[in-house]
Amino acid sequence: MTALLAAHHRWRRAVALALVALSLPISGAWAAGDDKQVRAQAKYNEAKDRFAADDFQRAAELATEADALFFHPAIVLLKSRALRKIGKLREAEEAFRRADTPALPKPLVRTLQDERALLADELKLKGEVLVEVTPDTALVSIDGESSKGGVRKWLLAGKHRVEAEAAGFSSL
C-alpha cells in the first residue's frame, strides 16, 4: 500500500510539473526553422494539445511523427509520456532513455525524473501479456477489449479473461 501511495504522490507532482512543462515553448535548436523543424514544431504543438485533452493515442502518434522529422528531447519526452499513458511501457522506457540528454530543457528534467519513477512503479505492479494466434485474423479479447491478431498488453496482477476466436476454429 505504501508503494501505491508513493506512486500517487509522484503522479500528482508529475502532473503539476507536466502542466508547467507543456506550456514552455521549445527554443534553441528550433530557432533555425528549416522546413522539417517547422513541421516538427507544429506536430509537437498539436501533440501537446492532444495530450492535454487526454487523447494519449493521438499525442503519441503526433509526437512520433515530429520525432521522425527532427530530434529534440522535449518531443521524445512527450512521446514517452503518451506511450506510458496508453500502456506501451517498454516503448515508453526506451523513449525516456532517448529523451535523457544534456539538450533536454532544464524545466523538463524534473518531469523526466518523475515520469521515469511513475513508469518504474507501473512496471512493478503489472506484467506483460503476449497472445500470439494463428491465423493472424483471429479475434483476441482480453477482459472484453478485442483486437485482431496477436495482442501485447500490460495488465495488473490478478485474474483476467482471455479469449480467441476465428472462423472455422473452436473458441478458446
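These figures come from a predicted structure and were not determined experimentally. (Residues numbered from 1 in each chain as written. Predicted model: local features only at pLDDT ≥ 70, side-chain atom pairs only at ≥ 80, totals over all residues. Heavy atoms only, no water.)

Draft legend 1. Quick peek at the overall build of the protein. When helices and strands are counted, the protein shows six helices and five strands. In sequence order, the protein lays out its α and β elements as α-α-α-α-α-α-β-β-β-β-β. Counting only residues that meet the buried cut, the protein has 37% of its 172 residues in that class. Looking at the protein alone, contacts between residues at least 24 apart form 55% of all its contacts between residues at least 6 apart. As presented, the protein carries roughly 10,000 Å² of accessible surface, and 56% of it is formed by carbon and sulfur atoms. (Helix = DSSP H or I, 4+ residues; strand = E, 2+ residues; numbered from the N terminus. Buried < 20%, exposed > 50% of the residue type's maximum accessible area, 1.4 Å probe, protein only. Contact = heavy atoms within 4.5 Å. Areas by Shrake-Rupley, 256 points an atom, 1.4 Å probe, with all protein chains shown as cover.)

Draft legend 2. Main features of the packing of aromatic side chains. Counted by the stated rule, this structure contains one aromatic pair. Both rings, one in Phe51 and one in Phe56, keep their centres 5.0 Å apart while their planes meet at 70 degrees; by these two values the pair is edge-to-face. Like Phe56, Phe51 is buried. (Phe/Tyr/Trp six-rings, centres within 6.5 Å; stacked < 30°, edge-to-face > 60°.)

Draft legend 3. Broad picture of helix α6 (residues 106-125). Over its 20 residues, α6 runs 30 Å from end to end, which matches the ideal 28 Å to within 8%, given 1.5 Å per residue. Taken residue by residue, α6 has Leu108, Thr111, Leu112, Asp114, Glu115, Leu118, Leu119, Asp121, Glu122 and Leu123 as its buried positions. (Expected span 1.5 Å × (residues − 1).)

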